[in-house]
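Coordinate inspection notes
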Amino acid sequence: MTIFLCGFMGCGKSTAGKLAAKKLGCAYYDTDELIEKNEGMTIPEIFAQKGEPYFRKIEAETVKSLCGKNAVVSCGGGAMLNDETAAYASKHGIVLFLDVPFEVCYERIKDDPHRPIAASSTKDELLARFNARHEVYTKNSSASLDCTGTPVENAALIALTVKK
């Protein structure tokens, strides 16, 4: 089964995802890492040279390519905003929303130059984006998980949710 983790930048998808994959005995993939490898560019370079629409297109293709794999997949913060991508992921796996308060996410991403949207946005702009995305994440996921615990606790919660 493919387990797709979605949520805002800095919610812990990659950290908890790696641990959850180990706990579940399956593979782990990070869509952003796969995109960077396949494109031979960093995410900020893709945004700067090819634009966000191009990035979103290859992000959707990457999510679809992982369907059917026995894996935990950490999706980029915007992956499940595309209803078609979210529906495809839900049909071919399970989508879990890692719900973490904005302030926690913000503290993790505010100084990260590797996140082009965070680097080019004010705190208020990120909060507005967070609020707009929260509803979409909830709508496009099978379950919303309170991931305010430690990465180990969050990984255990992901594994428990999947096993149910």
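Above this text is the structure in question.
In short, a report on the structure. (Residues numbered from 1 in each chain as written. Predicted model: local features only at pLDDT ≥ 70, side-chain atom pairs only at ≥ 80, totals over all residues. Heavy atoms only, no water.)

Observations concerning the sheet that holds strand E1 (residues 2-6)
Sheet architecture is open: five strands sit in the order E2-E3-E1-E4-E5, paired in parallel fashion. Edge strands, defined here as strands with exactly one partner in the open sheet, are strand E2 (27-30) and strand E5 (143-146). Between one strand axis and the next, the sheet turns by 25 degrees as a mean value, whatever way the strands run. Bridge analysis of E1 against strand E3 (residues 71-74) gives four bridges, and the strand direction is parallel. Looking across to E3, one finds that Phe 4 is bridged to Val 73. Against the sheet, helix H5 (residues 83-92) contacts E1 and strand E4 (93-99), and its axis sits at roughly 120 degrees relative to E4. (Pairing = 2+ DSSP bridges. Helix = DSSP H or I, 4+ residues; strand = E, 2+ residues; numbered from the N terminus. Axes fitted to C-alpha atoms, helices over the stretch in contact; angles between N-to-C directions. Contact = heavy atoms within 4.5 Å.)

Considerations on the nonpolar core
Counting residues in each nonpolar core, the largest one holds 49 residues, and the members touching the most others are Phe 4, Phe 8, Met 80, Leu 96, Leu 126 and Ile 158. Looking at this core, the element that brings in the most residues is E4, giving five residues. The residues contacting Phe 4, other than those within four sequence positions of it, are Val 63, Leu 66, Cys 67, Val 73, Cys 75, Met 80, Ala 89, Ile 94, Val 95 and Leu 96. (Core = buried A, V, L, I, M, F, W, Y, C linked by side-chain atoms within 4.5 Å. Buried < 20%, exposed > 50% of the residue type's maximum accessible area, 1.4 Å probe, protein only.)

Looking at the pattern of salt bridges
Between side chains of opposite charge, a pair can form as their charged atoms come close. Applying the stated criterion across every chain, the model contains nine salt bridges. Between Glu 84 and Lys 64 there is a salt bridge; the shortest N-O distance is 2.7 Å. Taken together, the residues span a long stretch of sequence, with Glu 84 in helix H5 and Lys 64 in helix H4 (residues 52-66) at a distance of 20 residues. Among the charged side chains, a salt-bridge network with shared partners connects Glu 52, Arg 56 and Glu 59. (Salt bridge = Lys/Arg side-chain N within 4 Å of Asp/Glu carboxyl O.)

Topic: the side chain of Asn 140
Looking at the element boundaries, Asn 140 is found in the loop between helix H8 (123-139) and E5. The class for Asn 140 is buried, based on a relative accessible area of 11%. If near-sequence neighbours (up to four positions away) are discounted, Asn 140 is found in contact with Met 80, Asp 83, Ala 86, Ser 90 and Val 95.

Digging into the side chain of Thr 2
Looking at where Thr 2 falls in the secondary structure, it is placed in strand E1. Here the side chain of Thr 2 touches Gly 68 through a polar contact of 3.0 Å, landing on its backbone nitrogen. Contact partners of Thr 2, with chain neighbours within four places excluded, come to Leu 66, Cys 67, Gly 68, Lys 69, Ala 71, Val 73, His 92, Gly 93 and Ile 94. (Polar contact = N/O pair within 3.5 Å; in protein donor to acceptor, adjacent residues only side chain to side chain.)

Thoughts on helix H1 (residues 13-24)
The terminal C-alpha atoms of H1 lie 15 Å apart, and with twelve residues this matches the ideal 16 Å at 1.5 Å per residue to within 8%. The set of residues buried in H1 consists of Lys 13, Ala 16, Gly 17, Ala 20 and Ala 21. Take H1 and look down its axis: the buried residues cluster within an arc of 140 degrees, on one side only. Facing away from the buried side of H1 by over 90 degrees, the exposed positions are Lys 22 and Lys 23. (Expected span 1.5 Å × (residues − 1). Arc of directions from axis to C-beta.)

Remarks on the packing of helix H3 (residues 43-50) against H4
Each pair of packed helices can be summarised by the angle the axes make with each other and by the distance between the axes. Closest axis-to-axis distance for the H3/H4 pair is 7 Å, and the angle between their directions is 125 degrees. Comparing their axes, H4 and H3 come out oblique. Across the interface between the two elements, Ile 43, Ile 46, Phe 47 and Lys 50 from H3 touch Glu 52, Tyr 54, Phe 55 and Arg 56 from H4. Considering only residue class, the contact of H3 with H4 consists of five nonpolar, no polar and three charged. (Parallel < 35°, antiparallel > 145°, perpendicular 65-115°, else oblique. Nonpolar A, V, L, I, M, F, W, Y, C, P; charged D, E, K, R; others polar.)

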